[in-house]
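Close look at the chain arrangement
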Amino acid sequence: MATVRLSFSPAPVHVRTARLVGVAVARRAGVAEELLDEVRLAIGEACTRAVALHRQYGLPDLVMVQMSDSDSYTVSVIDRAPIEASVGLAKLPPDELADEALTDEALTTGVGFALLAGFVDDLQVRPVEDGAGTEVRMVWPVSRPPKQR
Amino acid sequence: MELSLATRTVAEHTVLEVGGEVDVYTAPRLRERLVELVDAGARNVVVDLGRVDFLDSTGLGVLVGALKRLRAANGTFGLVCSKEPLLKIFRITALDQVFPIYPSVEAATSATDDRDGGGSAA
């Protein structure tokens, strides 16, 4: 059961809102203060990727972000793009990063994935269960005082 | 919060001071400004990230684009960054091996003045 669920039209301007909400919920869930910058960046990257895919495929559907804080802080960013769009996720080697032949889009995608993989220890990218789309699922530990009896 | 851009000249270098958040929404403005600078004849460009509090893959892509453009024009391109969270982003993406990154504007402008000198930026 999601604690907070946010849907937004696939426009770059809304990615910042998703980041702000994601960090606010993370703080309340008990994610360590020193991880919040990474949470902010990772949620931003996952949402940026979803927005880019929706725009690439001309999809007006909403991008969905689900945040849950049961035993850990879990954020799922769900797009509705065809599954094959996710195949291009790959970290680029340094000598290819500034290669003239690499398009801006390919560079940004590769760098975005490197950031996700680098900042999120528990990261899964998987097809959604119903229809087209991919879920990027990120999990962070929470530390909170033990519950009072 | 919002992106801020200001240009000044230091030791024959064009220094673009960037502040605020560089993300998928604001990065196109940064790209436009860098293209304008190169089109106007700037060849030694330093981007000062000292007041940037958020930088994502789109912003990094814009910086790589500027590096390529200046390289093609026989120019130089350097970054000023001393904030650990931002430096970590460059390390994780391996872009610290692509960009010259300096701790201060002075270090950046003197290093690119004296590219054959072999001195350390830090």
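The numbering scheme is per chain: residues are counted from 1 as the chain's sequence reads. In the order they appear in the text, chains get letters beginning with A and ligands get numbers beginning with 1. At least 70 in pLDDT is required for a residue's local features to be given in this predicted model, at least 80 for side-chain atom pairs to be given and counted, and no such filter applies to totals for whole chains, interfaces and linings, which use all residues. The side-chain values count all of the structure's non-hydrogen atoms but skip hydrogen atoms and water molecules.

Some thoughts on the pairing of strand 3 (residues 72-78) of chain A
Residue and element names in this part refer to chain A.
- Working definition: with a 1.4 Å probe on protein chains only, accessible area under 20% of the residue-type maximum means buried, over 50% means exposed, and in between means partly exposed. Put simply, DSSP marks the helices as runs of H or I at least four residues long and the strands as runs of E at least two long, and each gets a number from the N terminus on. Most of strand 3 sits out of view: seven of its seven residues are buried.
- Side-chain alternation along strand 3 places Ser-72, Thr-74, Ser-76 and Ile-78 on one buried face and Tyr-73, Val-75 and Val-77 on a second face that is also buried.
- Strands qualify as paired when DSSP identifies two bridges or more between them. Pairing of strand 2 (residues 63-68) with strand 3 involves five bridges; the strand directions are antiparallel. Opposite Met-64, over in strand 3, you have Ile-78 as the bridge partner.
- Between the antiparallel neighbours strand 2 and strand 3 lie three residues.
- Where strand 3 lies against strand 5 (residues 134-141), seven bridges are found, and the strand directions are antiparallel. For Tyr-73, the partnering residue across the bridge sits in strand 5 and is Trp-140.

Section: the pairing of strand 2 of chain A
- Note that strand 1 (residues 4-8) of chain A and strand 2 of chain A share five bridges and pair antiparallel. Looking at the pairing, Arg-5 of chain A lines up with Gln-66 of chain A of strand 2 of chain A.

Some points on the environment of Ala-42 of chain A
Residue and element names in this part refer to chain A.
- Mapped onto the elements, Ala-42 comes out in helix 2 (residues 36-56).
- Separated by 25 residues in sequence, Ala-42 and Thr-17 have C-alpha atoms that sit 14 Å apart.
- Apart from the residues lying within four places of it in its own chain, the contact partners of Ala-42 are Leu-116, Val-120, Met-138 and Trp-140. In what follows, a contact means two residues having at least one pair of non-hydrogen atoms within 4.5 Å.

Points about the confidence of the model for chain B
- Taken as a whole, chain B shows an average pLDDT of 91; of its residues, 90% reach a score of 70 or greater.
- The complex model carries a pTM of 0.89, and its ipTM stands at 0.88. The pLDDT value expresses, per residue, how confident the predictor is, ranging between 0 and 100.

Points about the side chain of Glu-38 of chain A
- By the secondary structure assignment, Glu-38 of chain A is in helix 2.
- With relative accessibility at 15%, the residue Glu-38 of chain A sits in the buried group.
- Contacts of Glu-38 of chain A, omitting those with residues within four sequence positions, involve Phe-119 and Trp-140 of chain A together with Lys-88 of chain B.

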